[in-house]
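For reference, the chains in residue letters:
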Amino acid sequence: QVLPVESGGGSVQAGGSLKLSCVAPKSSYCMGWFHQAPGSEREGVAAIYTEPGTTFYADSVKGRFTISQDNAKNIVYLQMNNLKPEDTAMYYCAASGWPMTTLQALGIVDSLFLYWGQGTQVTVSS
């Protein structure tokens, strides 16, 4: 597999939960989740460095979302709890080769990620 493949999106009421899955390229160095609302650019949501398991989160989702991995299956998850209507977006999984220090300095930014999945839609209603 060359590109990530994500799944698990759907429609939920505010306060509900969803768990997204991403089948990642084997031995991916860093995997991230992004979202893109209509008319907006992609924004970083969470990232994980797969070898140490170190995680990073956008301020808007910290405490609500959790990124995790299954090393044996090359799967990265995004558990989303207490969803808000503002979370409504297409969610993308992506792979990066930049070191952790770069991501710490710049944040979970689109330009650091080269390989992108097709996206899975998350819709949160009031």
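(A) The arrangement of the packing of aromatic side chains in detail. In the structure shown here, the tally under the stated rule is five aromatic pairs. A centroid spacing of 4.8 Å and a plane angle of 55° characterise the contact between F34 and W116, whose relative ring orientation is tilted. Of this pair, F34 sits in strand 4 (residues 30–36) while W116 sits in strand 10 (residues 115–116), and the two are 82 residues apart along the sequence. On the accessibility criterion, F34 (0% relative accessible area) is buried. Given the relative accessible area of 14%, W116 is considered buried. The interplanar angle of 75° and the centroid separation of 6.1 Å between the aromatic rings of Y49 and F56 together place this pair among those described as edge-to-face. Relative accessible area serves as the criterion here: at 1%, Y49 is assigned to the buried category. In this structure F56 comes out as buried when scored by relative accessible area, which is 16%. Its guanidinium or amino end placed over the ring of Y92, R42 lies 5.3 Å from that ring's centre, counting from NZ or CZ.

(B) Region of interest: the layout of surface pockets. As a volume, the largest pocket reaches approximately 160 Å³. S27, S28, T50, Q69 and N74 are the residues nearest the centre of the largest pocket, which is lined by 13 residues in total. Among the secondary structure elements, those contributing two or more residues to the lining of the largest pocket are strand 7 (65–70) and strand 8 (75–80). Taken together, the residues of the lining of the largest pocket sort by class into five nonpolar, six polar and two charged.

(C) Spatial organisation of the state of the cysteines. Counting across every chain of the model gives one disulfide. Cysteine C30 remains unbridged, with the sulfur of C93 as its closest cysteine sulfur at 10.0 Å. A relative accessible area of 0% places C30 in the buried class.

(D) How the structure looks around the nonpolar core. The biggest cluster of nonpolar side chains holds 24 residues, and the ones touching the most others in it are M31, W33, V45, F65, L78, M80 and Y91. Of all the secondary structure elements, the ones that give two or more residues to this core are strand 3 (18–23), strand 4, strand 5 (43–49), strand 7, strand 8, strand 9 (89–96) and strand 11 (120–125). With four residues, strand 9 is the single largest residue contributor to this core. Ignoring sequence-local partners within four residues, the contact set of L78 consists of L18, K19, L20, W33, V45, A46, F65, T66, I67 and Y91. Counting 12 residues, the second largest nonpolar core, distinct from the first, contains F34, A47, Y49 and L103.

Rules behind the numbers
- Residues numbered from 1 in each chain as written.
- Predicted model: local features only at pLDDT ≥ 70, side-chain atom pairs only at ≥ 80, totals over all residues.
- Heavy atoms only, no water.
- Phe/Tyr/Trp six-rings, centres within 6.5 Å; stacked < 30°, edge-to-face > 60°.
- Helix = DSSP H or I, 4+ residues; strand = E, 2+ residues; numbered from the N terminus.
- Buried < 20%, exposed > 50% of the residue type's maximum accessible area, 1.4 Å probe, protein only.
- Lys NZ or Arg CZ within 6 Å of the ring centre and 35° of its normal.
- 1 Å grid on protein atoms, 1.4 Å probe; cavity = no way out; pocket = protein on both sides within 12 Å on 5 of 7 lines; lining within 4 Å.
- Points joined across faces, edges and corners; volume = space filled by probe spheres on them.
- Nonpolar A, V, L, I, M, F, W, Y, C, P; charged D, E, K, R; others polar.
- Disulfide = S-S within 2.5 Å.
- Core = buried A, V, L, I, M, F, W, Y, C linked by side-chain atoms within 4.5 Å.
- Contact = heavy atoms within 4.5 Å.

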